[in-house]
Structures are given as structure tokens and as C-alpha cells.
Amino acid sequence: ASLVGSEMCIRDRFTMEKKLKQWIFAFFAIVITISFSSCSEDEPNYDSVDDIAGVYVGQLNMIGFSDEEAEVAYVSLSKKSSSAVSCTIESEGWNVNMTPVNLVVTFNENVITLKSEAGKSITGQIIKGNLQLTYETTGGNVFQFLGTKD
């Protein structure tokens, strides 16, 4: 079972073609991966209060009442200073029309933290453009807002 010269050349040729096809496939796989990753939508870059100021649209839900449906709500963040925003929340479904509350803004890599300056219980965060706020009304009801910038 020994091969003659021409048979060895044929065997080696098939082995080389197979390896070449594997390298070409790997090269195109890398090129396609890079192409798709560079075409992906850029994540929002929030690094100042100006970037987060605006109107957010989403759902407002009362925590603790699972049988109640979330209602459409609007959160407005207005710049007060380089480290604070004024926040209002409106929802017709929950009959909420909150008076403005000042929130201190903290930037930490991909998470922006919002926390009330005064005694009102309102906290939140913005991650990848999604706003989440939790606040307690004077009546003791706790609401959670989830939404995105309009």
C-alpha cells in the first residue's frame, strides 16, 4: 500500500485545497463579523446633563397592584445645572401630574443615576437610553416608570 509519485501529488493537492478553503472561509467569516459589528447602531453617548434632558415616553405602573395595568406616561427632564435636572411625571391613566422635583445626576460609565435632592422619594437610572424611575407619592403609593427618550 505504497503510493507512486503521481498518486502522492494528487493526495497532497486535495489536502492543500482543503486547507486553503478553510483559510478562505475563516478570512471571510472574520470580514463579515467585522462588517456587521461596525454597521450596528451606535449606543447613545450620555455624558452630560444636556444629553439626558428631554421628554421620555413609557409605561407607569403602580407597584403592589399586579391586577392594575400600566398606563402611558411622560417624564420630562430639564437641565438645572451641570449635575442636576428637574423632573416631572404626567399620566392621565393614573391621574398623575407631579410637581417638579430636582434630581442629582451622577455619571458612572454606562449607568446614569438620578436621585432626589430633597425629601421626596424618587430615584432612577438611565441605561443605554432607557429611563427607569421609582417614586413614592405623598399618599404612600409607589410608582415605577420605564421608558425611552422621545
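What comes next concerns the included structure. Bear in mind the structure is a predicted one, so any value in this text is a computation, not a measurement.

Thresholds applied
Residues numbered from 1 in each chain as written. Predicted model: local features only at pLDDT ≥ 70, side-chain atom pairs only at ≥ 80, totals over all residues. Heavy atoms only, no water. Salt bridge = Lys/Arg side-chain N within 4 Å of Asp/Glu carboxyl O. Helix = DSSP H or I, 4+ residues; strand = E, 2+ residues; numbered from the N terminus. Buried < 20%, exposed > 50% of the residue type's maximum accessible area, 1.4 Å probe, protein only. Patch = residues over 30% accessible without salt bridge, like charges linked within 9 Å, V, L, I, M, F, W, Y side chains within 5 Å. Areas by Shrake-Rupley, 256 points an atom, 1.4 Å probe, with all protein chains shown as cover. Pairing = 2+ DSSP bridges. Core = buried A, V, L, I, M, F, W, Y, C linked by side-chain atoms within 4.5 Å. Contact = heavy atoms within 4.5 Å.

### Let's talk about the pattern of salt bridges
Link 1 in the chain: Evaluation of the coordinates by the stated rule reveals 1 salt bridge.
Link 2 in the chain: Between Asp50 and Lys79 there is a salt bridge; the shortest N-O distance is 3.3 Å. Linking Asp50 in helix α2 (residues 49–52) with Lys79 in strand β2 (residues 71–81), this pair joins segments that are 29 residues apart in sequence.
Link 3 in the chain: For Lys79, a relative accessible area of 43% translates into the label partly exposed.

### Structural notes on a nonpolar patch on the surface
Link 1 in the chain: Judged by side-chain polarity, Val55, Val72 and Tyr74 come together as a nonpolar surface patch covering roughly 250 Å² of accessible area.
Link 2 in the chain: Along the chain, the position of Val55 falls in strand β1 (residues 54–62).
Link 3 in the chain: Residue class for Val55 comes out partly exposed when judged on its relative accessible area of 37%.

### As for the pairing of β1
Link 1 in the chain: Across 7 bridges, β1 lies against β2 in antiparallel orientation. Residue pairing for β2: Gln59 is matched across the bridge by Val72.
Link 2 in the chain: Sheet topology places β1 next to strand β9 (residues 142–149); 7 bridges connect them, and they run antiparallel. Paired with Val57 across the two strands is Thr148, which belongs to β9.

### Topic: the nonpolar core
Link 1 in the chain: Core analysis: the largest hydrophobic core is formed by 26 residues, its most contacted members being Leu60, Val75, Cys87, Ile89, Leu114, Ile122 and Leu133.
Link 2 in the chain: Every residue in contact with Ile122, bar those within four places of it in the chain, is listed here: Cys87, Ile89, Met98, Val101, Leu103, Leu114, Lys115, Ser116, Leu133, Thr134 and Tyr135.

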